[in-house]
Amino acid sequence: MREQTLTAENAKATAKMLSEALPYLQRFEDAVVVVKFGGNAMGDDAAMAEFARDIVLMKQVGVHPVVVHGGGPMINEMLEKLGIKSEFVRGKRVTDKATVQVVEMILSGLVNKRIVQAIMDAGGRAVGISGKDDDLMVCEADDPELGYVGRPVEMNVQVLRDLYKAGIIPVVAPVATGMKDNETFNVNGDTAAGAIAGALKADRLLLLTDVPGVKDANGQVMTQITPEEIRRMIAEGVISGGMIPKTETALMAIEQGTRAVTILDGKVPNACLLELFTDHGAGSQIRSTEPRVKPHVRR
Ligand SMILES: Nc1ncnc2c1ncn2[C@@H]1O[C@H](COP(=O)(O)OP(=O)(O)O)[C@@H](O)[C@H]1O
Ligand SMILES: CC(=O)N[C@@H](CCC(=O)OP(=O)(O)O)C(=O)O
């Protein structure tokens, strides 16, 4: 016999919600959505499982999610255990030789494989790579003050297309190779996600963090922000710390052809689904102020 676990009322609400998602499902069919999963948004195993379930659902309904992750808090924990001091300048970690080894170990190893496993546990197929694989992301030193911190200068995103077209969800650790001497670079997760979204001309870049969005000078979350407002808020210091690479990344991704970027709270249950498939939306959205030239491009 069929088990009826929902009350009639709840069942109706669920069916209505599914029906209301139709225009969004149609709009995002075949769309490329880059999702940056920040270390602060990751939380416990239950939160990780829920994130993975949302990503697998996206894939199931015809979206091509590409996951780019962070792991700052996990890197901090290991550096502390090893007695290596660490500091941030304008939201980026000052990275010496010893630190970059720990960064690669934690991001490409521990964090990357935890996300890959969670996606597979949710019934999806996932392959974990870093910016080094197939020369996905080739970097130069970002700023001499930061040491081995990379700024992506050459993107080779075909490997991501090959994976998502084969039904596989790529999970990317933000570690990259250098242009000159094959040195290893630590790339801020937001920067990597923006460079990937820009190179793929993604339909959406979702930056999942631990705050509900970008706050104005009064602490109010802004639902819509223009590139001009971001530049002004950074100059005035209203946007600071880790929010600087996030918003700068948003600008860069949009300049390169990403259609919209949303900064949202990854700790809210089903944050990605709320943003993509409901009227409600979530977080702060940054769109190009340029008129849209082309309609949705199918891949
Ligand atoms: N204007 C702002 N609006 C929202 N958050 C801001 C703002 N300026 C600075 N922040 C800080 O940026 C942080 C998010 O960046 P970060 O900690 O690097 O996140 P993640 O680890 O998810 O990448 C927030 O927790 C907040 O403390
Ligand atoms: C250069 C730089 O800052 N790299 C970051 C990479 C990880 C990251 O971006 O993690 P979150 O997304 O969790 O902040 C770091 O070393 O912490």
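An unreviewed UniProt entry annotates the protein chain as Acetylglutamate kinase originating from Rhodobacter calidifons. On record in UniProt, under Function (unreviewed entry), the comment for the protein chain is "Catalyzes the ATP-dependent phosphorylation of N-acetyl-L-glutamate."

A. Representation of the site of ligand 2 in the model. For ligand 2, the set of nearby residues contains 16 residues, the closest of which are G39, G70, G72, R93 and G189. Among the elements of the structure, α3 (39-42), α5 (72-82) and β4 (92-93) are those that each provide at least two residues to the shell around ligand 2. Among the residues making up the shell around ligand 2, the classes are represented as four nonpolar, 10 polar and two charged.

B. Quick look at the sheet that holds strand β7 (residues 150-155). A sheet is described by the order of its strands in space; here four strands give the open sequence β7-β6-β9-β10, paired in mixed fashion. Of all strands in the sheet, those bounded by a partner on one side alone are β7 and β10 (184-186). With strand direction ignored, the average angle separating the axes of adjacent strands in the sheet is 50 degrees. Pairing between strand β9 (residues 175-178) and β10: three bridges, direction antiparallel. Bridge pairing in β10 links V175 to N186. Contacts from helix α8 (residues 189-200) reach β6 (137-141) and β7, with the element oriented near 15 degrees to β7.

C. Representation of the site of ligand 1. The local shell around ligand 1 holds 19 residues, among which G38, T209, K215, G242 and M243 are the closest. The element best represented in the shell around ligand 1 is α3, accounting for three residues. Residues belonging to the shell around ligand 1 are distributed by class as follows: six nonpolar, 10 polar and three charged.

D. Structural view of the pairing of strand β2 (residues 64-69). By the criterion of burial, β2 is predominantly enclosed, with six of the six residues buried. Of the two faces of β2, the one lined by H64, V66 and V68 and the one lined by P65, V67 and H69 are each fully buried. Taken together, the two bridges between β2 and strand β8 (residues 169-173) define a ladder with parallel strand orientation. Within the sheet, the bridge partner assigned to V67 lies in β8 and is V171.

Parameters and conventions
Per-chain numbering applies: the sequence of each chain, read as written, is numbered from 1 onward. Labels follow written order: the first chain is A, the first ligand is 1, and so on. Restriction of local features to residues with pLDDT of at least 70 applies here, the model being predicted, together with a cutoff of 80 or more for giving and counting side-chain atom pairs; totals for whole chains, interfaces and linings are based on all residues. UniProt positions are given in the numbering used here, feature names are shortened, and annotations may be inferred rather than shown by experiment. Contact assignment follows one rule, namely that a residue is near a molecule or strand if its backbone-placed C-beta atom lies within 6 Å of it. Secondary structure counts use DSSP, requiring at least four H or I residues in a row for a helix and at least two E residues in a row for a strand, with both numbered from the N terminus. Basically, the charged four are Asp, Glu, Lys and Arg, the nonpolar ten are Ala, Val, Leu, Ile, Met, Phe, Trp, Tyr, Cys and Pro, and anything else, Gly included, counts as polar. Strands qualify as paired when DSSP identifies two bridges or more between them. To get an axis, fit a line to the C-alpha atoms, keeping to the stretch in contact for a helix; angles then go from 0 to 180 degrees between the N-to-C directions. C-beta atoms are first placed from the backbone for all residues, and any pair lying within 7 Å is then listed as a contact. Think of it as a crowd count around each C-beta: if 20 or more other C-beta atoms lie within 10 Å the residue is buried, if 12 or fewer it is exposed, and in between it is partly exposed, with C-beta placed from the backbone throughout.

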